Amino acid sequence: MSNLAPANDTALGAESVAALHALVMQSLDDDQAQETISIPLEGKSSIADYMVIASGRSSRQVAAIAQHLAERIKKETGRSARVEGLPVADWVLIDAGDVIVHLFKPEVRSFYNLERMWGFVDAPVAGNA
C-alpha cells in the first residue's frame, strides 16, 4: 500500500477511507491490541467515518501500539496522525482524519465506556479478545 491520500486536511475518498480503516485494524491486530471494535460513524457524526476502540494490557503496551500505528499511518499514507495522551498512556487518542482510534488500559476503558456512549453496547469484537 502506498500513498492512500495526499498529506492534507481534505476528506478522503471512500476507497481511501476503507484502506485507512483496514490499515488501522491490521496494525492493531499485528500489535496484539485486545477487544478491538470498530464503530461506523458515517451519517452519525461529522468527526470521522470510523471510531476504533481497543485496549492494551499496560500503559507501556498502549504507548507502543499508539506510536507504531502513528508511524505506520505516516509511512503508508504520507499523512501525520495527531496523537494525544502518550505521556501517561492510560488513554491515547490517534486522530487519523476519517478514522479516530482510542487506545485504553482495560480499567480506563471500562470507566469511560465509549461503546455505550455511541450506542454500540453489543459491539462485535475484532481480533484478539
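Heads up: the structure comes first, above all this text.
Thresholds, definitions, all that
Residues numbered from 1 in each chain as written. Predicted model: local features only at pLDDT ≥ 70, side-chain atom pairs only at ≥ 80, totals over all residues. Heavy atoms only, no water. Helix = DSSP H or I, 4+ residues; strand = E, 2+ residues; numbered from the N terminus. Buried < 20%, exposed > 50% of the residue type's maximum accessible area, 1.4 Å probe, protein only. Contact = heavy atoms within 4.5 Å. Areas by Shrake-Rupley, 256 points an atom, 1.4 Å probe, with all protein chains shown as cover. Phe/Tyr/Trp six-rings, centres within 6.5 Å; stacked < 30°, edge-to-face > 60°. Pairing = 2+ DSSP bridges. Axes fitted to C-alpha atoms, helices over the stretch in contact; angles between N-to-C directions. Expected span 1.5 Å × (residues − 1).

1. Side note on the overall build of the protein chain
Right, on to step 1. When its secondary structure is counted, the protein chain shows four helices and five strands.
Right, on to step 2. Expressed as a percentage of the 129 residues in the protein chain, the buried residues total 45%.
Right, on to step 3. For the protein chain, contacts bridging at least 24 residues in sequence account for 59% of all contacts bridging at least 6.
Right, on to step 4. Looking at the protein chain as shown, the accessible area adds up to about 6900 Å², and 51% of this sits on carbon and sulfur atoms.

2. Topic: unusual backbone geometry
Right, on to step 1. Positive phi values are uncommon outside glycine, yet Q32 reaches one of about 60°.
Right, on to step 2. Relative to the helices and strands, Q32 is located in the loop between α1 (14–30) and β1 (34–40).
Right, on to step 3. Here the phi dihedral of A89 falls at roughly 65°; this positive angle occurs in a residue that is not glycine.
Right, on to step 4. A89 gets classed as buried once you look at its relative accessible area, which sits at 2%.

3. Notes on the packing of aromatic side chains
Right, on to step 1. The final tally for this structure, using the stated rule, is three aromatic pairs.
Right, on to step 2. Taken together, a centroid distance of 4.8 Å and an interplanar angle of 35° make the contact between W91 and F104 tilted. Here W91 is found in strand β4 (residues 91–95), whereas its partner F104 is found in strand β5 (residues 99–104), with 13 residues between them in sequence.
Right, on to step 3. Look at W91 and you get partly exposed, because its relative accessible area is 30%.
Right, on to step 4. With centroids separated by 5.0 Å and ring planes inclined at 90°, the aromatic side chains of F111 and Y112 adopt a geometry described as edge-to-face.
Right, on to step 5. Classification of F111 by relative accessible area gives exposed; the value is 65%.
Right, on to step 6. In this structure Y112 comes out as partly exposed when scored by relative accessible area, which is 41%.
Right, on to step 7. Through successive ring pairs, a cluster of aromatic residues spans W91, F104, F111 and Y112.

4. Regarding the sheet that holds β1
Strand pairs in the sheet, formed through backbone hydrogen bonds, run parallel or antiparallel to each other.
Right, on to step 1. Spatial ordering of the open sheet is given by β1-β2-β5-β4-β3, a layout of five strands whose pairing is mixed. Each edge of the open sheet carries a strand with a single partner, namely β1 and β3 (82–84). Neighbour-to-neighbour, the strand axes of this sheet turn through a mean angle of 15°, independent of strand direction.
Right, on to step 2. In the sheet, β3 pairs with β4 via three bridges, with the strands oriented antiparallel.

5. Comments concerning helix α2 (residues 59–77)
Right, on to step 1. An ideal rise of 1.5 Å per residue puts 27 Å on 19 residues; α2 measures up with 27 Å between its terminal C-alpha atoms.
Right, on to step 2. Those residues of α2 that sit buried are Q61, V62, A63, I65, A66, L69, A70, I73, E76 and T77.
Right, on to step 3. On its buried face, α2 is in contact with α1, β3, β4 and β5.

Treat this as a map of the structure, not an account of what it does.
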